[in-house]
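# A closer look at the structure
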Amino acid sequence: MNTDVIVGLQHGDEGKGKVINWLLKNNTSRYDFCVRFNGGPNAGHTIYVNDTKIVLHQIPIGVVYGVPSLIGPACVLDIKKFKKELSDLESVGINNVTDILYVSYNTHIIEQKHIEDDRSNDKVGSTLSGIRPTYRDKFNRRGTRVEDLNDFICGCKVVDPYELFRGQNKSLNILCEGAQGFELDIDWGDYPYVTSSNCIAGFCCTSAIPSQTIETVYGIAKIYETYVGKKQFQPDDDVFKQLQKLGNEFGATTGRPRQCYWLNLKRLFKSIYINGVTDLIINKCDILEQLGVFKLIDLNEELVTFTTFEEMKKYVQSKIETIPFIDRVIFSYSKNDV
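So, here is what we can say about the structure in this document.

Turning our attention to the overall build of the protein. Scanning the protein for helices and strands turns up nine helices and 17 strands. Relative to the globule expectation of 20 Å for 338 residues, the C-alpha radius of gyration of the protein, 19 Å, shows essentially globular dimensions. Considering only C-alpha atoms, the protein reaches an extent of 60 × 50 × 35 Å along its principal axes. Across the protein, every contact between residues at least 6 apart in sequence was considered, and the portion connecting residues at least 24 apart equals 76%.

Given below as structure tokens:
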């Protein structure tokens, strides 16, 4: 078994869906399975199918390319939204999804009571999707799992991931889709302004994936940072309002405006290290070029200004390449596949 992992290095919204789409579009035959290993409908991976925008919140992007896909046990599942996603895929010609879609038997279910709890007790600016109360009940050992439902009628196969992967008669190549990002990780993020699951690459092992099989970790970041939630992140400066407009920075799940700020290189280093990133992809470089302002927070946590984007790019690359396990750094533009 060989495993590639895609993980967000900032506050989510880094463009992971774009990179997953790029990998599958160019390497469909390379992967035998795609796995979504954390989070729930609080995430949104945006892709385009026949020029139609589709946002997948729970279903792995692999199904779009006919790759068998699994929703893992560390995810939480909203059945109503799940059915809507299946319908949305059918509307753009992606049929028979349930033939290749698997759900782990021990995936926890988001119930209406969780959504109502979220709406009445939100303190950090969540998506109000019921994520926090569902994980709370999971760890309080009173949650409902897929295996507990007699009426799980979505049509997809309920499986034990261990048996699913172990039972294959060939060496598997697996692509794992991470949700949210390092800065939202329940342990490593800016607590309490975090999500309720772990968002690091190693967490893919909860889906019955041996850690020794992890081969490539694609770490995704933006050349600037964005955040959605209640904490104050964006300074009161018109340049960030302009950046938000140029980058069309609105949440894929909620549509809320994303607060913007400069890239924090020190935090990015930490995220790269803990996730074991081998391939770093930095998105939306053209947006910063359009803005015409080139700044970042350096390793000493000081604001540094560059004259040109090329100067900033070289500076970032020279620093990142000092991390021993980084194999390559890709600066990506919106108009490119990656």
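Now for the pattern of salt bridges. The final tally for this structure, using the stated rule, is 20 salt bridges. Of the charged contacts, one joins E14 and K16 as a salt bridge, the two residues approaching to 2.8 Å between their closest N and O atoms. Judged by its relative accessible area of 5%, K16 falls in the buried class. Residues E249 and K284 are paired through a salt bridge, measuring 2.9 Å at the closest nitrogen-oxygen approach.

In this section: the sheet that holds strand β16 (residues 303-306). The mixed open sheet is built from four strands, whose spatial order is β12-β13-β15-β16. Two strands lie at the open edges of the sheet, namely β12 (224-227) and β16, each paired on one side alone. The mean inter-strand angle of the sheet, taken between neighbouring strand axes irrespective of direction, is 45 degrees. Where strand β13 (residues 259-264) and strand β15 (residues 294-297) come together, two bridges link them in parallel fashion. Bridge pairing links L263 to L296 in β15. In the packing of helix α6 (residues 238-246) onto the sheet, the strands contacted are β12 and β13, and the crossing angle to β13 comes to about 100 degrees.

For the rest of this paragraph, the subject is the sheet that holds strand β9 (residues 157-159). The sheet built from nine strands is open, its strands ordered β9-β7-β5-β2-β10-β1-β11-β14-β17 with parallel pairing. Looking at the sheet topology across the chains shown, the edges are occupied by β9 and β17 (328-331). Direction aside, neighbouring strands of the sheet carry axes that sit 20 degrees apart on average. Bridge count for strand β5 (residues 69-71) against strand β7 (residues 101-104) is three bridges, and the pairing is parallel. By the bridge assignment, S69 is partnered in β7 with L101. Relative to the sheet, helix α9 (residues 309-320) contacts β14 (279-283) and β17, its axis offset from that of β17 by approximately 160 degrees.

Position of N275 relative to the elements: it lies in helix α7 (residues 265-275). Assessed through its relative accessible area of 5%, N275 is described here as buried. Excluding anything up to four places from it in sequence, N275 contacts V7, L9, F182, C199, I200, A201 and V217.

The nonpolar side chains of a soluble globular protein tend to be buried with one another. The biggest cluster of nonpolar side chains holds 51 residues, and the ones touching the most others in it are F165, I223, I272, L280, L288, V316 and I320. Ignoring any residue separated from it by four or fewer positions in sequence, one finds L280 in contact with L9, G219, I272, I320, I326, R328, V329 and I330. Listed in part, the 37 residues of the second largest apolar core include L23, V63, I94 and I109.

The geometry of a pair of packed helices is captured by two quantities: the angle between their axes and the separation between those axes. Relative orientation of the contacting elements helix α3 (residues 112-121) and helix α4 (residues 131-139) amounts to 120 degrees, with a least axis distance of 7 Å. As far as their axial angle goes, α4 and α3 are oblique. Along this stretch, α3 crosses α4, giving a crossing that reads as right-handed. Contact residues: K113, H114, D117, D118 and N121 in α3; I131, R132, P133, T134, R136 and D137 in α4. Across the contact of α3 with α4, the residue classes break down as two nonpolar, three polar and six charged.

A separate point is helix α2 (residues 79-91). With 13 residues, α2 should reach 18 Å at 1.5 Å per residue; the first-to-last C-alpha distance of 18 Å fits that figure. When we look at burial in α2, the residues that qualify are F82, E85, L86 and L89. Angularly, the buried residues of α2 cover 100 degrees about the axis, an arc narrow enough to put them on a single face. For α2, the exposed residues set more than 90 degrees away from the buried face come down to K80, K84 and S91. Turning to α2, the residues buried within the fold contact β4 (52-56), β5, β6 (76-77) and β7. Positioned one or two residues after α2, G93 has a phi angle of 90 degrees, which is positive.

Burial analysis of strand β10 (residues 173-177) places four of its five residues in the buried class, the great majority of the element. Taken together, the five bridges between strand β1 (residues 2-8) and β10 define a ladder with parallel strand orientation. Paired with I6 across the bridge in β10 is E177. As defined by bridge partners, strand β2 (residues 33-36) adjoins β10 across four bridges and the pair is classed as parallel.

In this section: the environment of L101. The topology assignment puts L101 in strand β7. Filtering out sequence-adjacent residues up to four positions away, L101 remains in contact with I59, P60, V63, S69, F82, L86, C156 and K157.

Attention now goes to the packing of aromatic side chains. Taken as a whole and assessed by the stated rule, the structure comprises 10 aromatic pairs. Centre to centre, the rings of F33 and Y102 are 6.0 Å apart; their planes meet at 55 degrees, and the pair counts as tilted. Of the two residues, F33 sits in strand β2 while Y102 sits in strand β7, which places them 69 residues apart along the sequence. Taken individually, F33 and Y102 each receive the classification buried, so the pair is uniform in this respect. Ring plane angle 45 degrees and centroid distance 5.5 Å describe the contact between F240 and Y261, whose orientation is recorded as tilted. Linking F240 in helix α6 with Y261 in strand β13, this pair joins segments that are 21 residues apart in sequence. Residue F240 is classed as buried on the basis of its relative accessible area, which comes to 3%. Members of the aromatic cluster, joined through ring pairs, are Y227, F233, F240, Y261 and W262. One Lys or Arg, K231, reaches over the ring of Y227 and ends 4.9 Å from the middle of that ring.

Conventions used here
- Residues numbered from 1 in each chain as written.
- Predicted model: local features only at pLDDT ≥ 70, side-chain atom pairs only at ≥ 80, totals over all residues.
- Heavy atoms only, no water.
- Helix = DSSP H or I, 4+ residues; strand = E, 2+ residues; numbered from the N terminus.
- Rg over C-alpha atoms; globule rule 2.2 N^0.38 Å.
- Contact = heavy atoms within 4.5 Å.
- Salt bridge = Lys/Arg side-chain N within 4 Å of Asp/Glu carboxyl O.
- Buried < 20%, exposed > 50% of the residue type's maximum accessible area, 1.4 Å probe, protein only.
- Pairing = 2+ DSSP bridges.
- Axes fitted to C-alpha atoms, helices over the stretch in contact; angles between N-to-C directions.
- Core = buried A, V, L, I, M, F, W, Y, C linked by side-chain atoms within 4.5 Å.
- Parallel < 35°, antiparallel > 145°, perpendicular 65-115°, else oblique.
- Left-handed = near helix turned anticlockwise from the far one by under 90°.
- Nonpolar A, V, L, I, M, F, W, Y, C, P; charged D, E, K, R; others polar.
- Expected span 1.5 Å × (residues − 1).
- Arc of directions from axis to C-beta.
- Phe/Tyr/Trp six-rings, centres within 6.5 Å; stacked < 30°, edge-to-face > 60°.
- Lys NZ or Arg CZ within 6 Å of the ring centre and 35° of its normal.

The values reported here are purely geometric and, on their own, carry no functional implication.
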